[in-house]
Amino acid sequence: MCANVFGVLRSLFGKPFDAAGKRMEHGGGPPAPTPQQPAMASEQPAQNPPRHPAMMRLYEVHRELTALGPQVCTFSGLPDDRDYKRLERELTRLQLEVDRVDTEGKAELQGARKRAAQEAEALLRYLEENARHPSRLAMEELSEEARRLVERRVVAPQREGGAAHVDDELVEDLRRLVLRLTQVKTEGRVPLRKARYRALTRLCAVQDVLEGRTPQQTLSLPLSGETHAAVHRINQVMAKVSVARGQLVALLMGLSGRDSCAHLSRMLMEMQVELDALDVSGNAAVRNYRKQVVEEINGLLKHLDLEGEGEDTRRYDLAQNDSIREIEAVRAHVRHLSEGVVRHCATAGEPGLRPKAELQGLLTHLDQVDTAKNPCIREARRRAVVEVQAVVTFLDLREALAGRRPGPAEGPAHRAVWAALASLSELQARVLGFDGKRADKSYAVLEELLTEQLLALDAVDPCGDDGVKVARKQAVKFAQNILNYLDMKTDEWEY
């Protein structure tokens, strides 16, 4: 969209104009100015006749639109944001400026004015579409849900003089919100990518701060003041760090009130100076205690530079990210191996190709991919791991089925479980080769067939046989994993 926003207006200035506002042909006059550096009237040689006033005014509008365009195309906020209102006000002003241009009934000027109005309208529409886009609103709803959660469990208790209620349940709730944010579609739009990245960055920072706090509650700290004269002062700083942690969480979630990143940063740095000035007199335990508190302060400080986070295109345009490229290369290789395995099964009845060692190597490679704590990269890696594991489990089941030697004492319950596993193996081969969407009929067929196998396994009566119970449970889990994998392949997730 942004690449085309200025196309029409720029074409207006591809050739210079004479005093009447008519386009001059290539045969006469100076060369046309480039869109990147449009020539101003004052820059024209003195012998050139002045341009028509109406065309000059449209040219000025074009320059202002060109300046506003990048701001519109990267704005990631909401309609009630100050920058949105400013951009909307400026674009509306330019629309009115265009409407006031007197074309004197000349077709050339009328066409130019019409195209200028269209460009201003296109920018306004793009600004509004992104600010009111369902995905943008979904991001805001998830962010608001996270704010309410943090307000209730962390910020409000501390403001009332109590302690934050940080536990595994809170951390898990935040993880679920992060996952839901990663699943919000952006349609490749820069403003939506940017908004999602910024929301994820802040929520992951809060998650990191709170997860770092949880294990501290089990430590035998602070140390007794009798241990060393400096311990009492370290204990005081540690209490301030606990308060600062709550302030940082409030800042990151937009619940800070009068606090600011600069103020909190100064407080934390003053704590560091105070700790550095302490004389621990070679006491190893006290020195380690001070070191731990300093590390906690550094951990909080690293999250205070998020105001400009998301401005760098390379951060939220993950298609250009090196880790994503590594993951995509692994996924492409897995698809190639999967196609070969399924093809061999279709022709020979069992996989003649068994690249398990290669697949294990790909899992090792994925474990080494640097996610930089980016939840989108983590999710991309997780999905790639699931794809590798799907092929590995398919090969394992095929080998188990091929090596099965039923004995005469095998009961009907065992045979029923193995029959279900054989059917699931055939269905998994189809799922591995599936490349459609959820709306496709073939998806509904696969989902129904897999559900039928789950029902068949539920109907198996183990008759008190623990071996059958375990086998049935494993088969049910296997069927559910195939269903989950099918869902993952078709949920149109994007990074």
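Residues numbered from 1 in each chain as written. Predicted model: local features only at pLDDT ≥ 70, side-chain atom pairs only at ≥ 80, totals over all residues. Heavy atoms only, no water.

Brief notes about the overall build of the protein chain
Here is step 1: Of the regular secondary structure elements, the protein chain holds 18 helices and zero strands.
Here is step 2: Considering the protein chain as a whole, with its 495 residues, one finds that 44% of them fall into the buried category.
Here is step 3: Restricting the contact set of the protein chain to residue pairs at least 6 apart, pairs at least 24 apart contribute 73%.
Here is step 4: Total accessible area on the protein chain stands at roughly 25800 Å², and carbon and sulfur atoms take up 51% of it. (Helix = DSSP H or I, 4+ residues; strand = E, 2+ residues; numbered from the N terminus. Buried < 20%, exposed > 50% of the residue type's maximum accessible area, 1.4 Å probe, protein only. Contact = heavy atoms within 4.5 Å. Areas by Shrake-Rupley, 256 points an atom, 1.4 Å probe, with all protein chains shown as cover.)

Regarding the packing of helix α6 (residues 134-159) against helix α7 (residues 168-182)
Here is step 1: Packing of α6 against α7 leaves a shortest axis separation of 10 Å and a crossing angle of 170 degrees. The angle between the axes of α6 and α7 places the two elements in the roughly antiparallel class. Listed contacts from α7 to Met139, Leu142, Glu145, Ala146, Leu149, Val150, Arg153 and Val154 of α6 are Leu170, Asp173, Leu174, Leu177, Arg180 and Leu181.
Here is step 2: Of the residues contributing to the contact of α6 with α7, the split by class is ten nonpolar, no polar and four charged. (Axes fitted to C-alpha atoms, helices over the stretch in contact; angles between N-to-C directions. Parallel < 35°, antiparallel > 145°, perpendicular 65-115°, else oblique. Nonpolar A, V, L, I, M, F, W, Y, C, P; charged D, E, K, R; others polar.)

As for the nonpolar core
For soluble globular proteins, the rule of thumb is that nonpolar side chains tend to be buried together.
Here is step 1: Counting residues in each nonpolar core, the largest one holds 105 residues, and the members touching the most others are Val150 and Val293.
Here is step 2: It is helix α15 (residues 375-402) that contributes the most residues to this core, twelve residues altogether.
Here is step 3: The contact partners of Val293, leaving out residues within four places of it in the chain, are Ile234, Val237, Met238, Val241 and Leu275.
Here is step 4: Counting residues in each nonpolar core, the second largest holds 24 residues, with Leu94, Val98, Leu109 and Ala120 among its members. (Core = buried A, V, L, I, M, F, W, Y, C linked by side-chain atoms within 4.5 Å.)

Comments concerning the packing of aromatic side chains
Here is step 1: All told, the structure shown has two aromatic pairs when counted by the stated rule.
Here is step 2: Seen in terms of ring centroids, Phe75 and Tyr84 are 5.9 Å apart; in terms of plane orientation they differ by 45 degrees. Their pairing is tilted.
Here is step 3: A centroid spacing of 6.4 Å and a plane angle of 50 degrees characterise the contact between Phe434 and Tyr443, whose relative ring orientation is tilted. Here Phe434 matches Tyr443 in class, with each residue buried. (Phe/Tyr/Trp six-rings, centres within 6.5 Å; stacked < 30°, edge-to-face > 60°.)

As for the side chain of Ser323
Here is step 1: Among the structural elements, Ser323 can be located in helix α13 (residues 322-348).
Here is step 2: A polar side-chain atom of Ser323 sits 2.5 Å from the main-chain carbonyl oxygen of Asp370.
Here is step 3: When sequence neighbours within four positions are dropped, the list of residues in contact with Ser323 reads Val369, Asp370 and Ile377. (Polar contact = N/O pair within 3.5 Å; in protein donor to acceptor, adjacent residues only side chain to side chain.)

Topic: the confidence of the model for the protein chain
Here is step 1: Considering every residue of the protein chain, the mean pLDDT works out to 80; 81% of them sit at 70 or more.
Here is step 2: Confidence scores differ between elements of the protein chain, with helix α2 (residues 7-12) showing the lowest mean pLDDT of 42 and helix α4 (residues 82-100) the highest of 94.
Here is step 3: Contacts of residues 4-50 to residues separated by more than four positions or lying in other chains number 78 contacts, the stretch itself having pLDDT below 50. (pLDDT = per-residue confidence, 0-100.)

So, the pattern of salt bridges
Here is step 1: If you walk through the whole model with that rule in mind, you get 30 salt bridges.
Here is step 2: Across the pair Arg93 and Glu90 runs a salt bridge whose closest N-O atoms are separated by 2.9 Å. Here Arg93 pairs with Glu90, and both are found in helix α4, just three residues apart, close to one helical turn.
Here is step 3: Among the charged side chains, a network of salt bridges with common partners joins Arg57, Glu64, Glu90, Arg93, Glu97 and Arg100. (Salt bridge = Lys/Arg side-chain N within 4 Å of Asp/Glu carboxyl O.)

Re helix α9 (residues 231-252)
Here is step 1: Between its terminal C-alpha atoms α9 stretches 31 Å, which fits the 32 Å expected from 22 residues at 1.5 Å a residue.
Here is step 2: Just downstream of α9 lies Gly254, where phi reads positive at about 75 degrees. (Expected span 1.5 Å × (residues − 1).)

A short note on the environment of Val178
Here is step 1: With respect to the secondary-structure elements, Val178 resides in helix α7.
Here is step 2: The exposure class assigned to Val178 is buried, which follows from its relative accessible area of 5%.
Here is step 3: Each C-alpha atom, one on Val178 and one on Cys376, is 9.1 Å from the other, the two residues being 198 residues apart in sequence.
Here is step 4: Residues contacting Val178, with those up to four places away along its chain left out, are Leu200, Leu203, Cys204, Gln207 and Pro375.

Here we look at the packing of α7 against α15
Here is step 1: One can describe the packing of α7 onto α15 by two numbers: an axis separation of 10 Å at closest approach and a directional angle of 80 degrees. Between α7 and α15, the angle falls in the class roughly perpendicular. Residues Val178, Leu179 and Thr182 of α7 form the contact with α15, whose own contacting residues are Pro375, Cys376 and Glu379.
Here is step 2: Tallied by class, the residues present in the contact of α7 with α15 amount to four nonpolar, one polar and one charged.

Things to note about the environment of Leu65
Here is step 1: Along the chain, Leu65 turns up in helix α3 (residues 53-74).
Here is step 2: The exposure class of Leu65 is buried, given its relative accessible area of 0%.
Here is step 3: The spatial distance from the C-alpha of Leu65 to the C-alpha of Leu94 is 8.0 Å, given a sequence separation of 29 residues.

Observations concerning the side chain of Glu296
Here is step 1: Relative to the assigned elements, Glu296 resides in helix α11 (residues 284-301).
Here is step 2: The class of Glu296 is buried, set by a relative accessible area of 18%.
Here is step 3: Within polar-contact distance, the side chain of Glu296 engages the side chain of Arg245 at 2.6 Å.

Digging into the environment of Lys469
Here is step 1: Residue position: Lys469 is located in helix α18 (residues 466-490).
Here is step 2: We classify Lys469 as partly exposed; its relative accessible area is 40%.
Here is step 3: C-alpha separation for the pair Lys469 and Ala413, spaced 56 residues apart in sequence, amounts to 9.4 Å.
Here is step 4: Those residues in contact with Lys469 that lie beyond four places of it in its chain are Pro462 and Gly464.

Points about unusual backbone geometry
Here is step 1: Phi at Glu104 takes a positive value of approximately 55 degrees, unusual for a residue other than glycine.
Here is step 2: You will see that Cys463, though not glycine, has its phi angle at about 55 degrees, which is positive.
Here is step 3: Mapped onto the fold, Cys463 is located in the loop between α17 (441-458) and α18.

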